[in-house]
Amino acid sequence: SPLKVSVHSNSHVEVYPEADEPVNILNIKRGIISAFLVPIMKDGQNSLVSTVHGRCLTAYTVNSRQDIATGVSLSRDLSQCDQFYGRTLTSSPLALLQQLHSPISKLIISTQSCIYQFDNRGTHITTATCTEKHRYLPYSYGESEISSVVTQHLNFQSVKRISSRTFDADPQKAKPLHFEEPEDKTPVQTKDAVLSILQELVALASTAQGQKRTSLFHKLVSSMRVLRNETLSQTVVEMVQMSNWLTFQALFQCGTAECTSAIMQVIWTSDGVSLEVDALVYTLGLQPNPDAAHVRDMLSMAQYKQSKAIMYALANTVKRFYKGEVTPEITEVSKFMEKMLSDCSEETQDTDRDFPPDPKEEAFLILRAIGVMGRAMQDVSPSLISSVLRCMRKTDISLSNQKAAIQAFRLMEITDEIRSSLLEVYQDTQSPAEKRLAAYLVLMKNPDHTLIREITNRLTNEKNEQLKSFVVSHLYNIHNSDDEKPE
């Protein structure tokens, strides 16, 4: 297929894939282009050059010269390139040590050196030789080392002359030169291989060939990792019928987003939800880099059952997923939270639920979960924040829920509306001291001189000696601390 590329500068190179071109084919093209990119050379200067590893600081040396430089050497430290990083390996979501690819990649030093020969007219490269060397530091000392060396040789054979260097391409489809992660799913999606391996594993229990179990189980997990969600969800239904225990073991070791969804699917179709399942869902909620599908799975689980573990799992998942961009998944979570909170009415919202909770405890749990998600809920749903403010002002609900509504703002930006509402609660002498103190602590998360002045001016008329003593002591500690003072 055609290779289309545009070179804007040394550090700005774009490729144009064909329609439906596989990522691995496009990566091969990127490798070819990168091997032939020689920067515009200026004496005594290094250059940032686009490569398959991202933009790399590249040093060069002129080895031979006729009318122009005909022999050039380039060298670069690949580990300093902006897109050179350890590829993520799929691992169990229950593994104690997660994301090991990043720290382990720091133990490898990678360098690249290239030698180019040009014709005397400088119109094209005649030969190119690039060598990459990857050294594993823990086992390298002096001249003894463990390393991997890859060498690429390219020789000029012939060229087809063309009259134009322009081509038709959609600028919106342009992609950078650095490598992309190819999709790790098989083109042909079928459940037959997985079911066949699982059936063989089940049959091993009645034989004396237990030594085959390890290799078969590894083959089973590998076969599940290459399935897309729609195929795996159908496969899991039949797997559970064959062996519920082996199915769970394989899903736990799989580690892909599709397998995590399948775990949720098995839980939903199981009879009853036990404490063990709550613990499992909470653990899955602690995954470091959840995707949108994982958020949807957690939301579906929370809609099915609002236990403490599941609600906190949803909140932790949203907190880790949110990067400042409002997505449909976070919007759905905010709508669910607003519906469940219902202005802290402390009334059962759905009497037909399988696990009807105490309405007061449910409102408390929802407020705590909103507090964990913080800015994600604030940015996506102003109406939810207004609902929490109404809960905070209420005096006919339990004190614990009033305080939970106040503490929900701890991880949010304190806007003028929130600040004035919190100050109103703090200054209300009819409110319990615990509630006023909770409002004070959230207010002091990011105080300014105006706020401090307003608080101190009212201290002389404060009748609650316990509250007054705490505030005075707190302000005194702020004044004498080495931390940055309020502006």
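Residues numbered from 1 in each chain as written. Predicted model: local features only at pLDDT ≥ 70, side-chain atom pairs only at ≥ 80, totals over all residues. Heavy atoms only, no water.

Going by what an unreviewed UniProt entry lists, the protein is known as Vitellogenin domain-containing protein and is assigned to Ameca splendens.

Some details on the overall build of the protein
Threshold: Each helix corresponds to a stretch of at least 4 residues labelled H or I by DSSP, and each strand to a stretch of at least 2 residues labelled E; elements are numbered beginning at the N terminus. In this description, contact between two residues means that some pair of their heavy atoms is separated by no more than 4.5 Å. Computed with a 1.4 Å probe, the accessible areas rest on the Shrake-Rupley method; for each residue, only the protein chains presented here act as cover.
Within the protein one finds 19 helices and 9 strands. At a minimum sequence separation of 6, the contacts of the protein that also span at least 24 residues come to 64%. Carbon and sulfur atoms make up 51% of the accessible area of the protein, which amounts to about 27700 Å² in all.

Quick look at helix H14 (residues 382-393)
Put simply, the rule is: Residue count minus one, scaled by 1.5 Å, sets the expected span of a helix. Exposure is judged per residue with a 1.4 Å probe applied to protein chains only, and the accessible area is read against the type maximum: over 50% gives exposed, under 20% gives buried, and values in between give partly exposed.
In this model H14 runs 17 Å from its N-terminal to its C-terminal C-alpha over 12 residues, within 8% of the 16 Å that 1.5 Å per residue would give. Along H14, the residues that are buried comprise Leu384, Ile385, Ser387, Val388, Leu389, Cys391 and Met392. In this structure, the buried residues of H14 make contact with helix H11 (328-341), helix H12 (359-373), helix H13 (375-380), helix H15 (399-407), helix H16 (416-427) and helix H17 (433-443).

Some points on the state of the cysteines
As a reminder, the rule being used: Throughout, disulfides are identified as pairs of cysteine sulfur atoms within 2.5 Å of each other.
Under the counting rule described, the total for this entry stands at 4 disulfides. A sulfur-sulfur distance of 1.9 Å marks the disulfide that ties cysteine 56 to cysteine 81. What sets the handedness of the cysteine 56 and cysteine 81 disulfide is the S-S torsion sign, and at about 120 degrees it is right-handed. Placement of the pair is cysteine 56 in strand E4 (residues 54-65) and cysteine 81 in the loop between strand E5 (69-77) and helix H2 (101-105), with a sequence separation of 25 residues. In this pair, the class of cysteine 56 matches that of cysteine 81, namely buried. Among the cysteines of the protein that take part in disulfides, numbered as they appear in the sequence, the pairing is 1-2, 3-4, 5-6, 7-8.

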